[in-house]
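Take a look at the letters that make up each chain.
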Amino acid sequence: MVKIKNAALAYKTLNGLICVYKPSCVSVRQVQHTILTNLCRDLNELPDRPLEKRVEIVGATNAPMEVKLLPNYADDPLVCGPRYIEKDFRCSWATHLGLFSSGILLLGINDGTKLTYQLNVARLTRAFKVHGQLGKATDTYFWNGRTMERSTFGHVTRDKIDRIVAHMQAAHQKSMYEVSGLHIDSQTTYDLASQGLIRPANSKLPVVYGIKCVHFDPPNFTLEVQSVNEYEKYLWTLIHDLGVQLKTSAHCTGVQCIRHGKFDLQLALLRKHWKLEHIVDNMDDCRQLLEENENLLRPKTAKLTV
Amino acid sequence: MCSIKRNMSHLFRSLLVYNTNIKIRKNISNVVLANSQTEVNSGERKTVTEPLNQDVSDITPYFPDTFNLAAYANKSETLQSLLQLQVNLSKIEKKPHIVNKILKMDFEKDMKQNIFFIKDYIGSENIGKYITKNPLILCEPIDDLQVRINYLQSKKFSNFQINEIVTKNPFWLMFSTERIDKRLGYFQNKFNLIGNEVRELATKQPKLITYSIQHINTNTFVVKEEMGFNEDETKKLLLNTPKIWMINQKSLLERFNYLHNIIKIPHDTLLHCPHVLLCRNFKVKQRHMFLESLGRAQYDPNKENYIPLKALIEKTDSEFCKIYAKCNIHDFNTFLKTL
């Protein structure tokens, strides 16, 4: 752990990307706000620079005047307010995470905002754990919605879920070619497609690359979804559709982002660790990871990596 | 060189009469007028480059409206003395109407008496914090303050209690004796308190007495009707943790709902440890879920492997893991990343 000597140095090092664990039911903006206020609090507690002096020239103007060096009261933190306030920081997220989702969130602080933009444009895949429950359908497709339908789910087995999930994955992969921005009959498309999966050209349509059922304990089950451009509600509908195809009904009970590009849960900072020293450490780790994997920021081809 | 220039501008600014902006403008216009008259009369000076033999140090440049007190801090001795008392002027300046009042006052003449008066009750080390919280105390007539203290003495508050009340609630002395009397009476009637209990409550949480009555009414409703505590239990709760009446009713109900309906903790256990209701819900939630995943969430004192309710709120996470969960803090952190 780095020892931080004074506030000005610490502020200068706060340029980069951090990886935090967003709890559910806390909005991304709130996460940003908490982190920035915590940073300001910790920076203001660090040893401050010495107070400025002030030159004053006193006396009658028609006689020799006296030059004095006096303490500048206007520079006292008690008068001009704390040295660091929230407005001194710029902060942006790489990809949005919905209110009810939890998991990895990449935030850029100060110069790191450029990195978040690049990460967003690079369209990295995110892996989600989507928890669902069989037997009930709601109007929002999430557990907090109004119940619209109840049904039995005794006939659902692991085999059936696996089969339908594989079918869904195949259907989604077909749409991958459509949103890749390439002409479907061209040689380029063939060359790219023969190498593997392709990234989408824009951020408009969600593309799902893989769905897998990782846990099945009726009525609860968990899907692991690898995708780009997805959003919270899209993942909820995925569960709902699965329920319909299983000839029963299902709703989502939780969404958790477990990987974003190469950033995984091990790197993520928990809510209790959103403090200056942990954030500085985390920033170093993220910088190292970005240096090791240059294609995260500037991918060379439309081929899906990571 | 540059810095001297900047400081020179500071100097001109600080030469000003700082009482009110309107006054300053008047002064300047007067001075300038007088000056031009002398110039016309003498008729000696033709250009600005010629040296001037008069003393013009009392002339000050135009001082525009300012947004903060820092502009006045270097010249005003009143502000400097307040600063020496560790008053946070940057917090006071958020309320312009108070600043207007403070700037018109003189430390020696108007403030000193009040400061000495409150110093007797709050101790010299708390003066800065006190004035930061409630700068208007300096504008209050000293007789009124004395009457309000006398009122407390007449109600048989001990000297220690009065000190506690004044220190913990900087706004108490701003309330007239009628209002305080009405409020103390309100609490006495509403919760059936006896004299000693009222005094105890006022000493324990003096902010509650001056809190918004409407807020207290809603929270009483939440505690009695929505949470289902009876009269006696409510009274006990009030005397134990008066802060419950000062938190947001929605979050209060959310916390109670989680503890009572999900963890299944009965009312009387909650009464023994009412502080859980003051802890943010996510903290209780994550510790409870962790204990549950370990199979240790057993809060009944009559059964084995009992875990006290206060384990959910007290101590740091590492201590909690060591004492109650009997595992490594690392496991707890990994668990938190699955939520």
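Here the residue index of a chain counts from 1 through its sequence in written order. Each chain gets a letter, beginning with A, and each ligand a number, beginning with 1, in the order they are written. Restriction of local features to residues with pLDDT of at least 70 applies here, the model being predicted, together with a cutoff of 80 or more for giving and counting side-chain atom pairs; totals for whole chains, interfaces and linings are based on all residues. Side-chain calculation: all heavy atoms of the structure are included, whereas hydrogens and water are not.

1. A look at the pattern of salt bridges
Residue and element names in this part refer to chain A. We count a salt bridge whenever a side-chain nitrogen from Lys or Arg sits within 4 Å of a carboxyl oxygen from Asp or Glu. Evaluated as defined, the whole model comprises 19 salt bridges over all chains. Glu 56 is paired through a salt bridge with Arg 54; the nearest N and O atoms lie 2.8 Å apart. Working definition: with a 1.4 Å probe on protein chains only, accessible area under 20% of the residue-type maximum means buried, over 50% means exposed, and in between means partly exposed. The class of Glu 56 is buried, set by a relative accessible area of 9%. Residues Asp 111 and Arg 90 are paired through a salt bridge, measuring 3.2 Å at the closest nitrogen-oxygen approach. In this pair, Asp 111 is assigned in the loop between β5 (101–109) and α4 (112–122) and Arg 90 in the loop between α3 (77–80) and β4 (91–93), connecting sequence segments 21 residues apart. Secondary structure elements are taken from DSSP: a helix is a run of H or I of four residues or more, a strand is a run of E of two residues or more, and numbering for both begins at the N terminus.

2. Considering the packing of aromatic side chains
Pairing of aromatic rings covers Phe, Tyr and Trp, the last through its six-membered ring, and needs centres within 6.5 Å; plane angles under 30 degrees mean stacked, over 60 mean edge-to-face, and all others mean tilted. Evaluation of the coordinates by the stated rule reveals 16 aromatic pairs over all chains. Between Phe 142 of chain A and Trp 143 of chain A the ring centres are 5.8 Å apart and the planes differ by 40 degrees, which places this aromatic pair in the tilted class. Here the aromatic rings of Phe 187 of chain B and Phe 191 of chain B are separated by 6.1 Å at their centres, their planes lie at 20 degrees, and the arrangement is stacked. In this structure Phe 187 of chain B comes out as buried when scored by relative accessible area, which is 1%. Look at Phe 191 of chain B and you get buried, because its relative accessible area is 4%.

3. Topic: the interface of chain A and chain B
Each side of the interface is counted separately: chain A has 30 residues, and chain B has 34 residues. Reported buried area values correspond to the accessible surface (1.4 Å probe) lost by two parts on association, with both partners' losses combined. The contact between chain A and chain B buries some 2,500 Å² in all, and 54% of this surface belongs to carbon and sulfur atoms. In protein, a polar contact means a hydrogen-donor-capable atom and an acceptor-capable atom, both N or O and within 3.5 Å, with residues adjacent in sequence counting only if both atoms are side-chain atoms; elsewhere, any N or O pair within 3.5 Å suffices. Scanning the region where chain A abuts chain B turns up 17 residue pairs in polar contact (both at pLDDT 80 or more). Listing elements by their share of the side of chain A that touches chain B, those giving two or more residues are β2 (53–58) and α3 of chain A. Sort the elements by how many residues they give to the side of chain A that touches chain B and β2 of chain A lands first, with five residues. Three categories are distinguished: nonpolar for Ala, Val, Leu, Ile, Met, Phe, Trp, Tyr, Cys and Pro, charged for Asp, Glu, Lys and Arg, and polar for the others, with Gly belonging to the last. Each residue belonging to the side of chain A that touches chain B can be placed in one class, and the counts come to 14 nonpolar, nine polar and seven charged. The criterion used for residue contact is that any of the two residues' heavy atoms lie within 4.5 Å.

4. Observations regarding the packing of helix α10 (residues 159–168) of chain B against helix α12 (residues 195–204) of chain B
All names here are of chain B. In this analysis an axis means a line fitted to C-alpha atoms, helices contributing only their contacting stretch, and an angle means the value between N-to-C directions, from 0 to 180 degrees. Two elements in contact, α10 and α12, have axes separated by 8 Å at closest approach and are oriented at 40 degrees. For the element pair α10 / α12, the angle class is oblique. Listed contacts from α12 to Gln 161, Glu 164, Ile 165 and Lys 168 of α10 are Arg 199, Ala 202, Thr 203 and Lys 204. A class-by-class count of the residues in the contact of α10 with α12 yields two nonpolar, two polar and four charged. With respect to orientation, any angle under 35 degrees is reported as roughly parallel, any angle over 145 as roughly antiparallel, any angle of 65 to 115 as roughly perpendicular, and every other angle as oblique.

5. Considering α10 of chain B
Every α-helix winds through 3.6 residues per turn, so residues three or four apart in the chain are directed the same way. Residues and elements named next belong to chain B. Among the residues making up α10, those that are buried are Gln 161, Ile 162, Ile 165 and Val 166. Viewed along the axis of α10, the buried residues span an arc of 125 degrees, placing them on a single side of the element. Residues Asn 159 and Phe 160 are exposed on α10 and point more than 90 degrees away from its buried face. Of the surrounding secondary structure, the elements contacted by the buried residues of α10 are α7 (107–122), α8 (127–133), α9 (142–154), α12 and α13 (206–209). Summarising the geometry, the arc corresponds to the directions from the helix axis toward the C-beta atoms.

On their own, these measurements won't tell you what the molecule is for.
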